[in-house]
Every structure is written in structure tokens, then in C-alpha cells.
Amino acid sequence: MTASTQSPAPLRLLAVHAHPDDESSKGAATMAMYAAAGVDVMVATCTDGSRGDIQNPAVEGAPHPKRDMAGARRLEMNQAARILGIKQRWLGFMDSGLPEGDPLPPLPAGSFALQPLEHAAAPLVRLVRDFKPHVMVSYDENGGYPHPDHIMAHRVAVEAFAAAGDPARYPGTGPAWEPSKLYYDRAFNPARFRALHFALEEAGLRSPYAERLAAWLEADAEGHTPPPGTHTTTTQIDCGDYFEARDDALRAHRTQVDPLGFFFAVSAEMQRRVWPWEDYSLIESRIPATFPEKDLFAGLR
């Protein structure tokens, strides 16, 4: 085969998530869309999810998750990855759980959120150097919401993006590779929730977003709009055709997701009409970028 007839190497996307199920509630339609278009998509799952509580009443009495939550969630993750058409790797850390109480109890010894940063980031640096993503996606510095494992997932993603291209750092984890772009996922974009809320009300349907919007309104000194996020949306991916795949992947996480719950309050059809995008903030780019973007690989094609 001559050079002129060779197919170009596929673009590669790596999404870093804290637990199994996070990949299906944040950016899943984007990943499914890119995977269907020939992009090599991988999810790095930082923890085993072993401390997740059962959130689905239909699974309350199931013996497997009660006996082995991590094993049950591994099977769920495999099914979700198949639905989305993506690859997935475990980074091998123990779920920290979500501490509750006043004062908060200490996190379990050895859990992900307590690891020294270089120890926690090393498996991800190895994966970046092996998979060679052009684009990485993770959470903002608040973890999307302040779960200790989400915050640590943010920290290791930022560390790996910065360090993987430096051959002097993390010796023994493979040849250096420098990703081009780092995005934060904006699954909790207030503008999206507001648009869906009003669409439900106009249709005469009950909105599950009223309480969330009220909390945002209280946080706004003017009292009439949700406060702006720390990071503004730079990039919207039109992926509405893959909302059903996203929902099916989320339902695959049976222990963690109630199929009659919050995530499924708005039909895929209504979402396509009101907000057919998933939203991201471009945080760092090693190539020139022009906003707004409609493609995570803008500038790389």
C-alpha cells in the first residue's frame, strides 16, 4: 500500500471518570457519536465503585451487589461500554465513598481520594502514553459536584495532561505523548436545566428541576438568573441522535440508576428539540482555537 492510499490514523478521545456510571451520565452521547464516526474513544474509570449505594428500588434485594458491589458494577460498566461503542480501562483505585455527617467522617484508608497525587496519576499517565489521545475530557476543579473521588479525578486528569508529554516525568510509564486539548465537561450547565425546566412547564408536565433552579436563584444576588459557572461553555457538541444510546447506557448501571428517576424525566425527543447538545469548556489547547466550537477535534482534523 502506498502512502497516498493509506487511511489516516483515527482521532482518539480519552474521558476520565471517577466511578462506573459517571461516563454514562456525563458526555455519553458525545462519546457514542464520535465512536460511531470512527473516532477511537476510551473511558478511564478511576475507582471500582465498591462503596456506591443501591439507588434503584428494583435492585434492592439482588444478591450480587450486596455480596460484591464492585463485581456487579464491573458487569454494568461492560454493558454500558458496549452500548456506547467505546473502550474502557480501570485505573485500579478503591472507591472513597461519599462522606456524610457533621463533622464529616474520615475517608476510608487507602481510598482513591487519599492517594498522593503522583501515585494516583501514574496509571493515567501510563494510559495516556499508551492510548495517545488527541483530546482529554474530565471534570472541573469541583468535580462537577464535590464528591472526593470526582475532585481527585479532576486532579489526576490535569496532572496527566500536563505530565504525559514530558519524558522526564513519570519514568517507566512509556514513551512521552502530549495530548492537544483538555476539556471540562459541563453536564450541570444551568442554562440547560433552565431550558428543559421551562419546556416541561410549557408542555404541562412536572419538572424535576425546580428545586435545583431555586437553589441557583438563591445563590444569585440579583435573584433572577442562575449564577454563571466558573468555566463558560466554549464548545457544544450536537449529539441528539445519540440520546437514546446515552439513556440505555445509563440504565445499564442498574444498581446506581432508577429508570424512573431524575435522569429520564425529559424524553429524548424533547431534549433534541430544546437542547440537542452536550456542553464543554476548553481549558487548555496546544493548538490554535477559535470559539465557539462545534467539535472537540476542531483544529486537529
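Everything discussed here concerns the structure shown above.
As a starting point, this report considers the structure included with it.

Rules used throughout
- Residues numbered from 1 in each chain as written.
- Predicted model: local features only at pLDDT ≥ 70, side-chain atom pairs only at ≥ 80, totals over all residues.
- Heavy atoms only, no water.
- Helix = DSSP H or I, 4+ residues; strand = E, 2+ residues; numbered from the N terminus.
- Rg over C-alpha atoms; globule rule 2.2 N^0.38 Å.
- Buried < 20%, exposed > 50% of the residue type's maximum accessible area, 1.4 Å probe, protein only.
- Contact = heavy atoms within 4.5 Å.
- Lys, Arg positive; Asp, Glu negative; His and termini not counted.
- Charge placed at Lys NZ, Arg CZ, Asp CG, Glu CD.
- Phe/Tyr/Trp six-rings, centres within 6.5 Å; stacked < 30°, edge-to-face > 60°.
- Lys NZ or Arg CZ within 6 Å of the ring centre and 35° of its normal.
- Salt bridge = Lys/Arg side-chain N within 4 Å of Asp/Glu carboxyl O.
- Pairing = 2+ DSSP bridges.
- Right-handed = clockwise from strand over helix to strand, strands pointing away.
- Core = buried A, V, L, I, M, F, W, Y, C linked by side-chain atoms within 4.5 Å.

### Describing the overall build of the protein chain
When helices and strands are counted, the protein chain shows ten helices and seven strands. In terms of overall size, the protein chain behaves like a compact globule, its C-alpha atoms giving a radius of gyration of 20 Å where 301 residues would be expected to give roughly 19 Å. Across its three principal axes, the protein chain shows a C-alpha extent of roughly 60 × 45 × 40 Å. Here the protein chain, with 301 residues, has 50% of them falling under the buried criterion. Within the protein chain, contacts between residues at least 6 apart in sequence are counted, and of these 79% link residues at least 24 apart. Across the protein chain, the mean location of the 29 positive side-chain charges is 6 Å away from that of the 39 negative side-chain charges.

### Digging into the packing of aromatic side chains
As enumerated under the stated definition, the model contains nine aromatic pairs in all. Ring geometry for Trp 275 versus Trp 277: centroids 5.1 Å apart, planes at 85 degrees, classification edge-to-face. Put simply, the rings of Phe 193, Tyr 209, Phe 262 and Phe 263 touch in pairs and so form one group of aromatic residues. The ring of Phe 193 carries Arg 192 above its face, with NZ or CZ at 5.6 Å from the centroid. It is Arg 286 that lies over the ring of Phe 161; its NZ or CZ is 4.1 Å from the centre.

### Digging into the pattern of salt bridges
Evaluation of the coordinates by the stated rule reveals ten salt bridges. Two residues, Lys 181 and Glu 293, come together in a salt bridge whose shortest N-O distance is 2.9 Å. Residue Lys 181 is located in strand S5 (residues 181-185), and its partner Glu 293 is located in the segment after strand S7 (277-285); the two are separated by 112 residues in the primary sequence. Each member of the pair, Lys 181 as well as Glu 293, carries the same accessibility label: buried.

### A few points about the pairing of S5
Among the five residues in S5, five count as buried, and that is most of the element. What you see with S5 is no split at all: Lys 181, Tyr 183 and Asp 185 on one side and Leu 182 and Tyr 184 on the other are buried throughout. Of the pairings in the sheet, the one linking strand S4 (residues 135-138) to S5 comprises four bridges and is parallel in character. Bridge pairing in S5 links Val 135 to Lys 181. As a crossover connection, the stretch from S4 through helix H6 (residues 148-163) into S5 is right-handed. Examined bridge by bridge, S5 and S7 share five bridges and lie antiparallel to one another. Paired with Tyr 183 across the bridge in S7 is Leu 282.

### With respect to the nonpolar core
A general trend in soluble globular proteins is that nonpolar side chains are found buried together. Counting 32 residues, the largest nonpolar core has Leu 13, Met 31, Tyr 34, Val 41, Ile 86, Leu 296 and Phe 297 as its most contacted members. Within the residue set of this core, elements represented by two or more residues are strand S1 (12-17), helix H2 (28-36), strand S2 (40-47), helix H4 (69-84), S4, helix H9 (243-252) and S7. With seven residues, H2 is the single largest residue contributor to this core. Once residues within four sequence positions are removed from consideration, Tyr 34 is found in contact with Leu 13, Val 39, Val 41, Ile 237, Asp 295, Leu 296, Phe 297 and Arg 301. If you look at the next biggest cluster of nonpolar residues, it comprises 29 residues, including Met 152, Ala 163, Ala 164 and Tyr 184.

### Details of H2
Among the nine residues of H2, eight are classified as buried, and the element is accordingly described as predominantly covered. Taken as a whole, H2 has its buried residues at Ala 28, Ala 29, Thr 30, Met 31, Ala 32, Met 33, Tyr 34 and Ala 35. Looking one or two residues beyond H2, the residue adopting positive phi is Gly 38, at roughly 100 degrees.

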